[in-house]
Amino acid sequence: QVQLVESGGGLVQPGGSLRLSCAASGTITSINIMHWYRQAPGKQREWVSTITTGGTTNYADSVKGRFTISGDNAKNTVYLQMNSLKIEDTAVYYCKVWARSGSTSYAHYWGQGTQVTVSS
């Protein structure tokens, strides 16, 4: 199995910054893709950003130019640097990985989420 633990959330004023981390652990054979999603109160979970092990990145239009995803393959960790935060960025942020555990097939694994609140 693969366990994901997010950290770095908190309360920040509009225009501020936060850096989220998501560390994968367990019996990891391979991780191909790591994502960040978020879910605001009363809304569906939405995709935020993706990074492949090769370093290719993609972003939702709503965060492009403000958020930066990066990864450390050796540490099985993905980061999300969030700058110029807006009130509408308030949400629980989740990481998801496409990974292989032991000899099993690839599967998606989700973290438990970390709360980000942007408020004055």
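Residues numbered from 1 in each chain as written. Predicted model: local features only at pLDDT ≥ 70, side-chain atom pairs only at ≥ 80, totals over all residues. Heavy atoms only, no water.

K.L.:
Describe in detail the packing of aromatic side chains, supporting the description with residues and values.
P.N.:
In this structure the tally under the stated criterion is three aromatic pairs. Between Tyr94 and Trp110, the ring centres sit 6.3 Å apart and the planes meet at 85°, which makes this aromatic pair edge-to-face. Taken as a pair, Tyr94 in strand β9 (residues 91-101) and Trp110 in strand β10 (residues 106-110) lie far apart in primary sequence, 16 residues in all. Relative accessible area serves as the criterion here: at 13%, Tyr94 is assigned to the buried category. An aromatic cluster is defined as three or more aromatic residues linked by ring pairs; in this entry it consists of Tyr37, Tyr94 and Trp110. The aromatic ring of Tyr94 is capped on one face by Arg45, whose charged end is 3.7 Å from the ring centroid. Taking the ring centre of Trp110 as reference, the NZ or CZ of Arg45 above it sits at 4.6 Å. (Phe/Tyr/Trp six-rings, centres within 6.5 Å; stacked < 30°, edge-to-face > 60°. Helix = DSSP H or I, 4+ residues; strand = E, 2+ residues; numbered from the N terminus. Buried < 20%, exposed > 50% of the residue type's maximum accessible area, 1.4 Å probe, protein only. Lys NZ or Arg CZ within 6 Å of the ring centre and 35° of its normal.)

K.L.:
Let's hear about the environment of Thr117: which residues, and what values?
P.N.:
Mapping Thr117 onto the fold places it in strand β11 (residues 114-118). Of the residues examined, Thr117 reaches a relative accessible area of 25% and is grouped as partly exposed. Separated by 107 residues in the primary sequence, Thr117 and Gly10 have C-alpha atoms spaced 6.1 Å apart. Residues contacting Thr117, with those up to four places away along its chain left out, are Gly10, Leu11, Val12 and Thr90. (Contact = heavy atoms within 4.5 Å.)

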